[in-house]
Amino acid sequence: MAIPTSPFAAVPRHIGRRGLMLVLSSPSGAGKTTISRRLLDRDPGITMSVSVTTRPMRPGEVPGTDYYFVDQPEFKRMAEGRELLEWANVFGNFYGTPRGPVEGALREGRDVLFDIDWQGTQQLAENARDDLVSIFVLPPSAAELERRLRARAQDSAEVIAHRMAKASDEMSHWAEYDYVIVNHDVDESVLSVQSILRAERLRRRRQIGLSDYVKTLQSGH
Ligand SMILES: Nc1nc2c(ncn2[C@@H]2O[C@H](COP(=O)(O)OP(=O)(O)O)[C@@H](O)[C@H]2O)c(=O)[nH]1
Ligand SMILES: Nc1ncnc2c1ncn2[C@@H]1O[C@H](COP(=O)(O)OP(=O)(O)O)[C@@H](O)[C@H]1O
């Protein structure tokens, strides 16, 4: 197997690294899409996992970039064909992670960012705990969460009320995550995610070839 070279400068270039799966979950409207976009702009070593969903496209969304929009029969076919790494029913719509792109990226030493809910995170934790780093994003207050949902102005009043009602359920899963961030300020939150990513990339088990590297150092070369 070819050892992937690290895209991350703090790891010596001749040490390879297996990619990690970075999950961001939050109640709808807390800001995980905003944080994800900024992180992707700042860090070339991480790519977004694009999910498939049966939910209708929102104004401004781009198929293949935000989601792959599919109908229910197609989603069912993918789930039954084991083409999805995990999937869940969220707010009455189906969402799932296509398996191929994620497995390819990890093998090549690239990190993958996921915007998925607690049900999907539990499935990844069961199947790939060693590769998983999970972060839960909380809003500063319930009133601010509602303000952000309204400010986004992409959903009807009915959908917003439904998402507020579900926020408490979603937040009840915060303790299943490795890290928790309260999203007061987007720049601060992105810095926190970058710090987590930097540290997790340096975990010993993720660095391939370390013992050979140390042996080379010990032999004086
Ligand atoms: N399990 C799972 N959840 C997903 C997936 N894609 C999106 N979600 C979650 O589905 C929920 C609704 O997403 P969306 O309709 O885009 O609205 P958002 O809450 O504004 O991001 C969010 O909690 C997402 O994290 C996926 O592939 N799998
Ligand atoms: N820290 C923040 N301060 C103020 N507004 C924010 C912050 N983070 C996100 N927002 C705004 O809140 C709304 C919801 O954010 P979004 O990223 O779509 O949430 P999510 O993906 O968690 O549903 C958007 O209008 C976004 O611009």
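Residues numbered from 1 in each chain as written. Chains lettered and ligands numbered in written order. Predicted model: local features only at pLDDT ≥ 70, side-chain atom pairs only at ≥ 80, totals over all residues.

Considering the confidence of the model for the chain
And then number 1: Of the residues in the chain, 93% have a pLDDT of 70 or more, and the chain-wide mean is 91.
And then number 2: What the predictor reports for the complex is a pTM of 0.91 with an ipTM of 0.96. (pLDDT = per-residue confidence, 0-100.)

Let's talk about the site of ligand 1
And then number 1: Taken together, 17 residues lie around ligand 1, and Ser28, Ser51, Ala88, Tyr95 and Gly120 are the ones closest in.
And then number 2: Listing elements by their share of the shell around ligand 1, those giving two or more residues are β6 (84–90), β7 (93–98) and α4 (118–128).
And then number 3: Here the shell around ligand 1 gets 4 residues from one element, more than from any other, and that element is β6.
And then number 4: Its residues assigned to classes, the shell around ligand 1 comprises 5 nonpolar, 8 polar and 4 charged. (Near = placed C-beta within 6 Å. Helix = DSSP H or I, 4+ residues; strand = E, 2+ residues; numbered from the N terminus. Nonpolar A, V, L, I, M, F, W, Y, C, P; charged D, E, K, R; others polar.)

Some thoughts on the sheet that holds β7
And then number 1: Read across the open sheet, the 4 strands follow the order β5-β4-β7-β6; overall the sheet is mixed. The sheet terminates laterally at β5 (68–69) and β6, the two strands that pair on one side only.
And then number 2: Sheet strands touched by helix α2 (residues 72–80): β4 (52–53), β6 and β7. Its angle to β7, the strand with the most contacts, is close to 45 degrees.
And then number 3: The strands touched by α4 within the sheet are β6 and β7, with β6 carrying the most contacts at an inclination of about 155 degrees. (Pairing = 2+ DSSP bridges. Contact = placed C-beta atoms within 7 Å. Axes fitted to C-alpha atoms, helices over the stretch in contact; angles between N-to-C directions.)

Considerations on the nonpolar core
And then number 1: Ranked by internal contacts, the top residues of the largest apolar core, which has 34 residues, are Met21, Leu22, Val23, Phe114, Ile135 and Val137.
And then number 2: Elements with a contribution of two residues or more to this core: β2 (21–25), α1 (32–42), β6, β7, β8 (111–115), β9 (132–138), α5 (142–152) and α7 (186–201).
And then number 3: Excluding its chain neighbours within four sequence positions, the residues that come into contact with Met21 are Val112, Phe114, Leu124, Ala128, Asp131, Leu132 and Val133. (Core = buried A, V, L, I, M, F, W, Y, C linked by C-beta atoms within 7 Å. Buried ≥ 20, exposed ≤ 12 C-beta atoms within 10 Å, placed from the backbone.)

Looking at the UniProt feature "domain: Guanylate kinase-like" (unreviewed entry) in the chain
And then number 1: In the numbering used here, UniProt assigns the feature "domain: Guanylate kinase-like" (unreviewed entry) to residues 19–198.
And then number 2: When the span residues 19–198 is considered, its composition is 44% helix and 23% strand, and the gap between its end C-alpha atoms is 12 Å. (UniProt positions renumbered as here; feature names shortened; annotations may be inferred.)

A short note on the environment of Glu144
And then number 1: The residue Glu144 is located in helix α5 in this model.
And then number 2: Considering only alpha carbons, one finds Glu144 and Val214, 70 residues apart in sequence, at a separation of 50 Å.

A word on the packing of α1 against α7
And then number 1: It is the contact of α1 with α7, at a shortest axis distance of 9 Å, that shows an interaxial angle of 60 degrees. In this view, α1 runs oblique relative to α7, as classed from their interaxial angle. In the packing of α1 onto α7, the handedness of the crossing is right-handed. In this structure, α1 contributes Thr34, Ile35, Arg38, Leu39 and Arg42 to the contact, and α7 contributes Val186, Ser189, Val190, Val193 and Gln194.
And then number 2: A breakdown of the residues in the contact of α1 with α7 according to their chemical character gives 5 nonpolar, 3 polar and 2 charged. (Parallel < 35°, antiparallel > 145°, perpendicular 65-115°, else oblique. Left-handed = near helix turned anticlockwise from the far one by under 90°.)

Details of unusual backbone geometry
And then number 1: Phi at Arg82 takes a positive value of approximately 55 degrees, unusual for a residue other than glycine.
And then number 2: A residue is classified by how many C-beta atoms lie within 10 Å of it, and Arg82, with 8 of them, is exposed.

A closer look at the site of ligand 2
And then number 1: Ligand 2 sits among 14 residues. The nearest are Gly31, Lys32, Thr33, Thr34 and Arg148.
And then number 2: Of all the secondary-structure elements, those providing two or more residues to the shell around ligand 2 are α1 and α5.

Some thoughts on the pairing of β6
And then number 1: As paired elements, β6 and β7 share 6 bridges and run antiparallel to each other. Following the sheet pairing, Trp87 is matched in β7 by Gly96.
And then number 2: Here β6 folds back onto β7, and the loop between the two strands holds 2 residues, one of which, Phe91, carries a positive phi near 50 degrees.

So, the UniProt feature "binding site: ATP" (unreviewed entry) in the chain
And then number 1: The UniProt feature table records "binding site: ATP" (unreviewed entry) at Ser26, Pro27, Ser28, Gly29, Ala30, Gly31, Lys32 and Thr33.
And then number 2: If you trace the backbone, Gly29 turns up in the loop between β2 and α1.
And then number 3: Judged by the 22 C-beta atoms lying within 10 Å of it, Gly29 is buried.
And then number 4: Apart from the residues lying within four places of it in its own chain, the contact partners of Gly29 are Leu145, Arg148, Leu149, Arg152 and Arg163.
And then number 5: Looking at the secondary structure, you find Ala30 in the loop between β2 and α1.
And then number 6: For Ala30, a count of 27 C-beta atoms within 10 Å translates into the label buried.
And then number 7: In this structure, Ala30 is in contact with Val137, Leu138, Pro139, Leu145 and Asn183, ignoring residues within four places of it in sequence.

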